[in-house]
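# An overview of the molecular structure
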Amino acid sequence: MRWKKIGNLLMGALLWAIWIFGAGPARASGIPSEQEMEAVETLVEIGHIHLNFCVIPGGKPTILLEAGGGLDSREWKRLGPRLAKETGAAIVAYDRAGFGKSDLPETPHDMRREIEWLWQGLNKLELQKDLILVGHSFGGWMIRLFASEHPEVVRGMVFVDPFSNEIVDLLGMEYLDNHVLAGKILFDTSEPEKLSKFQRAVVRMVGEGLRPKMEVMRETSLPAGIPVVVITSGRPFLPKKEDQEAWRSSHEQLAASIDGATLVVAEKSDHMVPGRQPDVVIEAVKNVIDRDPQR
């Protein structure tokens with residue numbers, strides 16, 4: 001019973017962290033040696049802040065991993081080396097501003113600014129070209145914006161059980177702003193000076209709710225002609241059946257809106273697909289590399 005209670009608590013935390021919210025097998029050029037499989041952490045100075053990047057050297061393309069909301073590069077700690085080994089690609093994960101080892105800015109959260117910081121970091125690392133974008137949950141929203149802002153460098157995308165414009169349209173901003181799926185904060189914010197760095201980062205990210213974020217995201221468009229895979233969770237994780245149905249429907253709508261996109265169901269996984277079924281993510285990435293018209 002004790003472990004069941006702990007599991008329930010973790011699932012509650014998971015729901016809140018949703019956004020706070022894969023010819024023969026694909027192989028890229030320059031398959032790294034075993035010694036190169038471990039990620040190298042680098043703090044990159046970008047204006048007045050530092051972002052923490054974790055890089056596994058490799059060949060082309062470069063696979064950029066965007067973590068879920070409230071999470072950081074550690075979400076990819078096990079999956080990243082497997083991707084490097086099976087594709088030969090360079091792997092990049094990072095901590096978004098305020099999370100992990102990255103600095104917490106004093107400025108309000110702005111999605112375009114966050115993408116610009118990422119772009120500057122990739123340029124400083126000379127990893128800004130030939131990108132396969134992989135985004136989990138809120139990270140799916142982030143790669144959607146990145147691809148819209150920098151379409152010329154994106155060669156493929158994998159959405160992993162993503163938060164999306166479609167789920168906002170299905171359930172509504174007001175509903176989601178008061179839902180653990182998006183904007184409801186599950187800790188006391190009445191004494192900001194007592195909050196941890198992580199908690200302050202969450203408050204900053206939630207900001208004024210979904211409206212300013214959707215104003216940005218409604219203007220996005222994806223590059224034409226690139227391979228895209230949308231992975232959706234196969235096992236329910238939301239408390240209400242109608243919310244779970246909307247979650248699946250949002251992924252079906254996203255895949256249907258992208259010419260040539262493939263929808264894949266992670267049958268044995270709840271929302272945490274990268275940890276529960278990493279093979280599904282790896283096969284999706286390999287599929288995207290195989291279908292890359294520039295390969």
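Here, the structure is the one placed above.
This text gives an overview of the structure that appears in the document. Numbering of residues begins from 1 in every chain and follows the order in which that chain's sequence is written. Whole-chain, interface and lining totals are the exception, using all residues; otherwise, since this is a predicted model, local features are given only for residues with pLDDT of at least 70 and side-chain atom pairs are given and counted only at 80 or more. With hydrogens and water stripped out, all remaining heavy atoms of the structure feed into the side-chain values.

So, about the packing of helix α3 (residues 111-124) against helix α4 (residues 138-149). With axes taken as lines fitted to C-alpha atoms, and helix axes fitted only over the stretch in contact, angles between N-to-C directions fall between 0 and 180 degrees. Each helix is a run of DSSP H or I of at least 4 residues and each strand a run of E of at least 2, with the numbering of both proceeding from the N terminus. Here α3 crosses α4 at 70°, and the two axes come no closer than 10 Å. The orientation of α3 relative to α4 falls into the category roughly perpendicular. Only F138, W141, M142, L145, F146 and E149 of α4 make contact with α3, whose side of the interface consists of M111, R112, E114, I115, L118, W119 and L122. Classification used: nonpolar for Ala, Val, Leu, Ile, Met, Phe, Trp, Tyr, Cys and Pro, charged for Asp, Glu, Lys and Arg, polar for all others including Gly. Taken together, the residues of the contact of α3 with α4 sort by class into 10 nonpolar, no polar and 3 charged. Oblique is the label for any angle not under 35 degrees, not over 145, and not in the 65 to 115 range, which are roughly parallel, roughly antiparallel and roughly perpendicular in turn. Only heavy atoms matter for contacts: two residues are in contact if any of them lie within 4.5 Å across the pair.

Relative to the helices and strands, I56 is located in strand β2 (residues 49-56). Classification of residues uses two cut-offs on accessible area relative to the type maximum, computed with a 1.4 Å probe and protein chains only: under 20% is buried, over 50% is exposed, and between them is partly exposed. A relative accessible area of 3% means that I56 is categorised as buried. For the pair I56 and E38, spaced 18 residues apart in the sequence, the C-alpha separation amounts to 6.1 Å.

Ring geometry is summarised as follows: Phe, Tyr and Trp rings, the Trp one being its six-membered ring, pair when their centres sit within 6.5 Å, and such pairs are stacked at plane angles under 30 degrees, edge-to-face over 60 and tilted between the two. For the coordinates displayed, the defined rule picks out 6 aromatic pairs. For the ring pair F99 and F198, a centre distance of 5.9 Å and an interplane angle of 70° mean the geometry is edge-to-face. Of the two residues, F99 is situated in the loop between β4 (89-94) and α3 and F198 in helix α7 (residues 197-206); the sequence distance between them amounts to 99 residues. Of the residues examined, F99 reaches a relative accessible area of 4% and is grouped as buried. Judged by centre distance (6.0 Å) and plane angle (65°), the rings of W119 and F146 are edge-to-face. With W119 in helix α3 and F146 in helix α4, this residue pair connects regions lying 27 residues apart in the sequence. We classify F146 as buried; its relative accessible area is 1%. Ring pairs connect the aromatic residues F138, W141 and F163, which therefore count as one cluster.

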